[in-house]
Amino acid sequence: MANEINITFLGTSSAPPQLSRKQSAIVVKYKSHTLLFDVGEATQYQMIEQKIKFTKLTIILTHLHSDHTLGIMGLLTTRNFRNIKTPIKIIGPEWTSKFISLLFFAYRFKPDFDIEIIETSGGIVLENKDFLLESFPLSHSDTSFGYKLVTKPKIGRFNVEKASELNIPRGELWKKLQNGKVIEINGKAIHPSDVLDEVEDNSLKVIITGDTPFDETTVEYAQNADLLIHDATYPSYEEVRAKKYLHSTCTDAANVAKQAKVKRLIMTHISELHKNLEESLRDAKEIFSNCEFAEDGLKVKLKSKV
Ligand SMILES: [Zn+2]
Ligand SMILES: [Zn+2]
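Residues numbered from 1 in each chain as written. Chains lettered and ligands numbered in written order. Predicted model: local features only at pLDDT ≥ 70, side-chain atom pairs only at ≥ 80, totals over all residues. Heavy atoms only, no water.

What follows deals with the packing of aromatic side chains. Per the stated rule, a full pass over the model turns up four aromatic pairs. Look at phenylalanine 136 and tyrosine 221: their rings are 4.4 Å apart centre to centre, the planes differ by 15°, and that puts the pair in the stacked class. Residue phenylalanine 136 is found in strand β8 (residues 131-138), and its partner tyrosine 221 is found in helix α8 (residues 216-221); the two are separated by 85 residues along the sequence. The pair phenylalanine 136 / tyrosine 221 is uniform in exposure class, with both members buried. For the ring pair phenylalanine 158 and tryptophan 174, a centre distance of 4.9 Å and an interplane angle of 45° mean the geometry is tilted. Separated by 16 residues along the polypeptide, phenylalanine 158 in the loop between β9 (144-151) and α5 (160-165) and tryptophan 174 in helix α6 (residues 172-178) bring together distant segments of the chain. With respect to class, phenylalanine 158 is no different from tryptophan 174; both count as buried. (Phe/Tyr/Trp six-rings, centres within 6.5 Å; stacked < 30°, edge-to-face > 60°. Helix = DSSP H or I, 4+ residues; strand = E, 2+ residues; numbered from the N terminus. Buried < 20%, exposed > 50% of the residue type's maximum accessible area, 1.4 Å probe, protein only.)

Next up, the structure:
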């Protein structure tokens, strides 16, 4: 069965408020996981509108600028009001822990649920049987990170004959290999691929940059991604402003997509300086044709070929 990721854009604006676009927030749903990338001011309203549950959430902050974090206090408070007890994970850059505890102190807020905070300085931030989430540093604020989400490929059938040939005792070690873990016997590593039948790779790769200027690091991490979601704050002719404020123009985003050979580009964090979005889209398409601007409420279904 084809693999599938569902993405909903809750907020697609740059920092200053716009009526038609709310501040940054993107929901990525994969299997039983709901990942919320950034929590702009109106996020919980957008979640209610899009029927995104508050219960099972992992919050990922690309950086701590207010247009990406203003909604977090409201969202957490609502969980208390609704008596939601499921724990929540918050992933963000260095200072996230301090930031959250200062907010709680200022609001005299005490959550009725457990919060686990993971501060990243780059590298793997989450790994489970379904996906791997990795962060990479970007040069937007003191500490900003882009994220690479890669789903784990379907695991092949456990081949008992191969396991016997390799003298792997039945039991715990079999289970580990079946779960995709590397084991060791007499100092020799045995990889799952040694005992599992081959299946076609159905993994999907999504990159979410958050705010960023054009950055070679993104090009490197986004290689062959199924989808790149990239900052496109400014129109193509605002490159001086983009460099000054460490954001991207739509053509910067298209250049990253082209150089990384991604399959599809969606541009977001859109400022009002895009006087004519169609013109901006034309400029971006000249560089990378499979691109579009996000809108609030845009839903994207990513499917693997196999
Ligand atoms: Zn921003
Ligand atoms: Zn920012």
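We are not done yet, so read on.
A word on the sheet that holds strand β14 (residues 265-268). The mixed open sheet is built from seven strands, whose spatial order is β7-β8-β9-β12-β13-β14-β15. Each edge of the sheet is formed by a strand with only one pairing partner; in this case those strands are β7 (123-127) and β15 (291-293). Going across the sheet, the axis of each strand differs from the next one's by a mean of 20°, ignoring polarity. Where β8 meets β9, eight bridges bridge the pair, whose relative direction is antiparallel. Directly across from leucine 133, in β9, lies its bridge partner leucine 149. Contacts from helix α10 (residues 250-260) reach β13 (227-231), β14 and β15 within the one sheet, and its direction differs from that of β13 by about 150°. Relative to β15, helix α11 (residues 277-287) is tilted by about 155°, and along the sheet it contacts β14 and β15. (Pairing = 2+ DSSP bridges. Axes fitted to C-alpha atoms, helices over the stretch in contact; angles between N-to-C directions. Contact = heavy atoms within 4.5 Å.)

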